[in-house]
Amino acid sequence: MSVRETRVGRREFGVRLAAAAPLAASTLTAERPEPRRLRPVREAAPIQARPFPLNRVRLLSGSCYTLQDRNRSYLHTLDPDRLLHTFRLTAGLPSNARQLGGWERPDIELRGHFMGHYLSACALMYGSTGDALLKGKASAVVAELGKCQKANADGWLSAFPSDFMQRLVERLPVWAPFYTLHKILAGLVDMYQHCGDERALTIALGMAAWTKRWADARSDAEMARILEVEYGGMNEVLYNLHALTGEPAHADLAHRFDEARLIDPLVEGRDELQGQHANTQLAKLLGAARRYELTGEERYRRCVEFFWQQVALHRSYCTGGTSNGQRWRTKPGILASELSSTTQECCCTHNMLKLTRHLFGWNPDVRYADFYERAFHNGILGTMNPTDGMTTFYVPLESGYWKLFGLPFDSFWCCTGTGVESFAKLGDSVFFHDERSLYVNLFVPARVQWPEKGLTLRQETRFPDDDRIRLELQCEKPVSLALRIRIPYWATSGATVSLNGEPQDAVASPASYCTLERTWKSGDRVEVRLPMKVHAHPMPDDPTLQAFMYGPLVLAGALGNEGISYEMMYADPVNARRGEGMRGQPVAAPELVAPSADPAEWIRSFDSAVELRDVEVVAGSPGDWSRALAEAGLTFRIAGQARPLSLVPLNRLFGQRYAVYWRVRQA
Ligand SMILES: [Zn+2]
């Protein structure tokens, strides 16, 4: 494949976005199977707080809504026939669709993985927005996958032949076939759960039956060796299937994918994660979380809680992201050596947030919600280019690099997949509830409907550009309820809460919930102020290496765009397997001189529109640079340096080099 054919320029990309491809009409009206008898399983573990179903939450106008909409547009541009191409060829069915590039290329062993992410993202997006057109497209794709499975005759469904699995048995090189099967299964289960697609469940059950026959023929010792190759969250999706069907066989099969080698040390409180591939383990822990929920076995809770503690508190950067070169290369708490262009794989953030939701459900402790906010702002929101909806593989944290985005039809990295899922469910963790409480965990403009209580709560805010949050309730009749509002760990400057204009005494301290318990009526309103200030976030193993935060936002020093071409901000379309690598060298960030111990005294916000003419850049084109800063809104200047330096939120910085961690010397 030549460069000319695959490189997508700015203009061409816009044209492609506008051209959504319809499926053949016949597939949309294909016969639907009869609903089956299911015996869904309730959790055996006590669940203290639950998220609302996606279709009860709607994002309101704001940056999250905009990013969700960019993602929705991208999903609409994906041509179902191109996605199906390798599935059809593998099943011996005709396809003349143009092949996709990147990790979906027909000679790449991971091909077909993005199909699963696509189905999950469409299902989640339907839940989040009610986009019936997207649901219809995804359901039509499911119907076509059903034809592929039927042609394969034995339940097998994949974009590669089933003899890839034999390579696992014979210990021959193969990328990660079960990883890919997990994505497809999860996509089908999501289509059933969010879109009510019965056919998707039927196909998933056929795949599970195939997997059971395959696994039944393997001894436990053989399976233990097979599980050394990345297998995604096969345990998680099979436990989820068990929860839907009530079939003990699905739980038994899921358990064959619970890896003792990983889980046993964690149960015993031993961190043996050094050297491990990070996201590989994260997906397995999601399976462990589901096993705890469905069986109540305490050892699985212990293992997940210990794992989360080690990764979130001792192996994560200031951003809430984790991994360097996709791995944990050090002992816990050693991060100063771990800054590179391939830090913080986005799949890891996506999966850590999923895991955090489970933990919050078991124990609604504010520290889980605080972590969620940190990783949500700094590890998810800033990984999408807001101009075109493309997402990153990593968030580079070595100074002087820039964000590298995938191409719409020629990348399809793992993180492209988790990216379309993340941005299809941005509203899933804003609110939680138990029988008689409603938690407000994230400050995002959104509305939640709670029909069991006859209640709608509307959150309006421009946070973090503004520290005010307004909550208004509409109730069919007065309802007794505890409203629990998260007061973040960073709100050390005095959070305030008022109810219908009356200041409330019982304001909670940072890192706690402010609980307002009363009988609520329509029109009741709560106003919250969460003043933010600049604070330092030093490396745990080197306090002279510091990042700066403003509220939950990690600030990035804008280092200009010298030496970065437009092409260098996007993936290399030629090298499909390694196309995620940066092309180009970093520039050094200056050492900072700290005039005092409190960075709030020397890192000050300024009006970028008025003052930009006074600011120098370290390198690069001042024109582009200053425009990017003006668009970022929240802008800060570092005083007392040899050269003026500016900071903007990392999640709003695109198209230029940046620094997150600085070497800081006391004046
Ligand atoms: Zn990834």
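Scope of this entry: the structure provided in the associated data block.

The rules behind the values
Residues numbered from 1 in each chain as written. Predicted model: local features only at pLDDT ≥ 70, side-chain atom pairs only at ≥ 80, totals over all residues. Heavy atoms only, no water. Donors = N, O, S within 2.8 Å, 3.2 Å for Na, K, Ca; no water. Buried < 20%, exposed > 50% of the residue type's maximum accessible area, 1.4 Å probe, protein only. Core = buried A, V, L, I, M, F, W, Y, C linked by side-chain atoms within 4.5 Å. Contact = heavy atoms within 4.5 Å. Phe/Tyr/Trp six-rings, centres within 6.5 Å; stacked < 30°, edge-to-face > 60°. Helix = DSSP H or I, 4+ residues; strand = E, 2+ residues; numbered from the N terminus. Pairing = 2+ DSSP bridges. Salt bridge = Lys/Arg side-chain N within 4 Å of Asp/Glu carboxyl O. Polar contact = N/O pair within 3.5 Å; in protein donor to acceptor, adjacent residues only side chain to side chain.

### Side note on the coordination of the zinc ion
Every protein donor of the zinc ion is listed here as Glu 345 (OE), Cys 347 (SG), Cys 414 (SG) and Cys 415 (SG), and their distances to the metal cover 2.1 to 2.3 Å. On the basis of relative accessibility, which here comes to 7%, the residue Cys 414 falls in the buried class. A relative accessible area of 1% means that Cys 415 is categorised as buried.

### A word on the nonpolar core
Residues Phe 307, Phe 431, Leu 438, Leu 483, Trp 520 and Val 526 are the most contacted members of the largest nonpolar core, which totals 103 residues. If near-sequence neighbours (up to four positions away) are discounted, Leu 483 is found in contact with Leu 438, Val 440, Leu 457, Leu 471, Cys 514, Thr 515, Leu 516, Trp 520 and Val 526. In this structure, Leu 124, Met 165, Met 234 and Tyr 570 belong to the second largest nonpolar core, which totals 99 residues.

### Structural notes on the packing of aromatic side chains
For the structure on display, the rule yields 28 aromatic pairs. Relative to Trp 602, the ring of Phe 548 has its centre 5.7 Å away and its plane inclined at 80°; by these criteria the two rings are edge-to-face. With Phe 548 in strand S14 (residues 542–550) and Trp 602 in the loop between strand S16 (592–594) and strand S17 (603–605), this pair connects stretches of sequence that are 54 residues apart. Pair check on accessibility: Phe 548 and Trp 602 agree, each one buried. Each residue in the set Trp 103, Trp 175, Phe 393, Tyr 394 and Trp 413 is aromatic and connected to the rest through ring pairs, giving one cluster.

### Remarks on the sheet that holds strand S5 (residues 446–450)
Ordered by their spatial adjacency, 7 strands build an open sheet running S2-S5-S6-S7-S12-S9-S10, and the pairing between neighbours is antiparallel. Both edges of this open sheet fall to strand S2 (57–59) and strand S10 (502–503), since each of them pairs with a single strand only. Where strand S6 (residues 455–461) lies against strand S7 (residues 468–475), 7 bridges are found, and the strand directions are antiparallel. Within the sheet, the bridge partner assigned to Leu 455 lies in S7 and is Cys 475.

### Topic: the pattern of salt bridges
For the structure on display, the rule yields 41 salt bridges. Where Asp 81 meets Arg 88, a salt bridge forms, and the shortest distance between an N and an O atom there is 2.8 Å. On the accessibility criterion, Arg 88 (11% relative accessible area) is buried.

### Considerations on unusual backbone geometry
With an omega of 5°, the peptide bond between Phe 463 and Pro 464 qualifies as cis. When you line up the elements, Pro 464 lands in the loop between S6 and S7. Of note in this structure, Ala 153 is not a glycine but carries a positive phi near 75°. Secondary-structure assignment places Ala 153 in the loop between helix H7 (132–152) and helix H8 (163–169).

### Side note on the environment of Glu 591
Here Glu 591 is to be found in the loop between strand S15 (553–558) and S16. Once residues lying within four places of it in the same chain are set aside, the contact partners of Glu 591 are Gln 641, Arg 663 and Arg 665. Looking at Glu 591, its side chain comes within polar contact range of the side chain of Arg 665, at 2.7 Å.

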